[in-house]
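The chain contents come next:
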Amino acid sequence: MTYVSGFVTPVKTGDKDRYIASARAAAPLFKEYGALSQVEAWGDNVPDGKVTDFKRAVKAEEGETVVFSWVTWPDKATADAFETKMMDDPRFSELDMPFDGKRMIYGGFETIFEA
């Protein structure tokens, strides 16, 4: 089964177009490293929870929208190799990242069911 790298981050609502442009620029790089797909989802129904929620998880501020993103890989080994090589690829540091990476939450996930 596939492997998923995902993250949630707040983005200034006014920077939506910048964010989309950044995602478009990153997509060929992910593919080059073996990604099967990349999905960027702009929050439009992100309710406040009673105990926790997406906004609190990333400390979203007034005027920010929560983005939920994931990249699918053929397997964990490919995802791990990408993560190692990405750090040395200057093209990633040249990307315009219109969000506060300190408030991003991310992780890798083993797929246990797919339909």
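Above this text sits the structure in question.
Source: prediction; values computed, not measured. (Residues numbered from 1 in each chain as written. Predicted model: local features only at pLDDT ≥ 70, side-chain atom pairs only at ≥ 80, totals over all residues. Heavy atoms only, no water.)

1. A look at the packing of aromatic side chains
Aromatic rings considered in pairs are described by the distance between their centres and by the relative angle of their planes. Stated formally: Pairing of aromatic side chains here covers Phe, Tyr and the six-membered ring of Trp, requires ring centres within 6.5 Å, and sorts the geometry by plane angle: under 30 degrees stacked, over 60 edge-to-face, intermediate tilted. Each helix is a run of DSSP H or I of at least 4 residues and each strand a run of E of at least 2, with the numbering of both proceeding from the N terminus. Three exposure classes are used, based on accessible area relative to the maximum for each residue type with a 1.4 Å probe and protein chains only: buried under 20%, partly exposed in between, and exposed over 50%.
Using the criterion set out here, one finds twelve aromatic pairs in the structure. Pairing Y19 with W42 gives two aromatic rings, centres 6.5 Å apart and planes at 55°, and the pair type is tilted. You can see Y19 sitting in helix α1 (residues 16–32) and its partner W42 sitting in strand β2 (residues 37–42), a full 23 residues away along the chain. Classification of Y19 by relative accessible area gives buried; the value is 6%.

2. Some words on the nonpolar core
As a reminder, the rule being used: Working definition of a nonpolar core: buried Ala, Val, Leu, Ile, Met, Phe, Trp, Tyr and Cys residues. They are joined through side-chain atoms within 4.5 Å.
With twelve residues, the main nonpolar core is built from Y3, A26, L29, F30, Y33, A35, V71, W73, A79, F82, F92 and L95. The set of elements that each furnish at least two residues to this core consists of α1, β3 (64–73) and α3 (76–86). Considering each element in turn, this core owes the most residues, three residues, to α1.

3. Notes on the pattern of salt bridges
Side chains bearing opposite charge may pair, as long as their charged atoms lie close to each other. Formally: Salt bridges, as used here, are contacts in which a Lys or Arg side-chain nitrogen is within 4 Å of a carboxyl oxygen on Asp or Glu.
Under the counting rule described, the total for this entry stands at nine salt bridges. Among the ionic pairs, R18 bridges to D15, the shortest N-O distance being 3.4 Å. Take R18: its relative accessible area is 37%, and that puts it in the partly exposed class. A salt bridge links E32 to R91; the nearest nitrogen and oxygen atoms lie 2.9 Å apart. A residue pair is termed long-range when its members are at least 10 positions apart, and E32 in helix α1 and R91 in helix α4 (residues 90–93) qualify at 59 residues. Through salt bridges with shared partners, a single ionic network connects D15, R18 and D96.

4. A closer look at the sheet that holds β2
How we decide: Between any two strands, at least two bridges found by DSSP are needed for them to pair. Each axis is a line fitted through C-alpha atoms, taken for helices only over the stretch in contact, and angles between the N-to-C directions span 0 to 180 degrees. By definition in these notes, contact holds between two residues if any of their heavy atoms fall within 4.5 Å.
Strands sit in the order β2-β3-β1-β4 across an open sheet of four strands; the sheet is antiparallel. The sheet terminates laterally at β2 and β4 (105–110), the two strands that pair on one side only. Averaged over all pairs of adjacent strands, the angle between their axes in this sheet comes to 15°, without regard to strand direction. Pairing of strand β1 (residues 3–12) with β4 involves six bridges; the strand directions are antiparallel. Within β4, the residue paired with S5 across the bridge is G108. Together, β1, β2 and β3 form the strand contacts of α1, whose direction differs from that of β2 by roughly 170°.

5. Quick look at the layout of surface pockets
Our working definition: Cavity: a set of points on a 1 Å grid over the protein atoms alone where a 1.4 Å probe fits but cannot get out. Pocket: an open set with protein on both sides within 12 Å along at least five of seven lines, its lining residues, like those of a cavity, having an atom within 4 Å of a point. Grid points are joined across faces, edges and corners, and a volume is the space filled by probe spheres set on the points. Under this grouping Gly is polar, as are all residues other than the nonpolar Ala, Val, Leu, Ile, Met, Phe, Trp, Tyr, Cys and Pro and the charged Asp, Glu, Lys and Arg.
Reported here for the largest pocket is a volume of approximately 760 Å³. For the largest pocket, the lining is made up of 30 residues, of which F7, F30, F82, M86 and M104 are closest to its centre. For the lining of the largest pocket, the elements supplying multiple residues, two or more each, are β1, α1, β2, β3, α3 and β4. The element that contributes the greatest number of residues to the lining of the largest pocket is α3, accounting for six residues. Residues of the lining of the largest pocket, tallied by class, amount to 19 nonpolar, seven polar and four charged.

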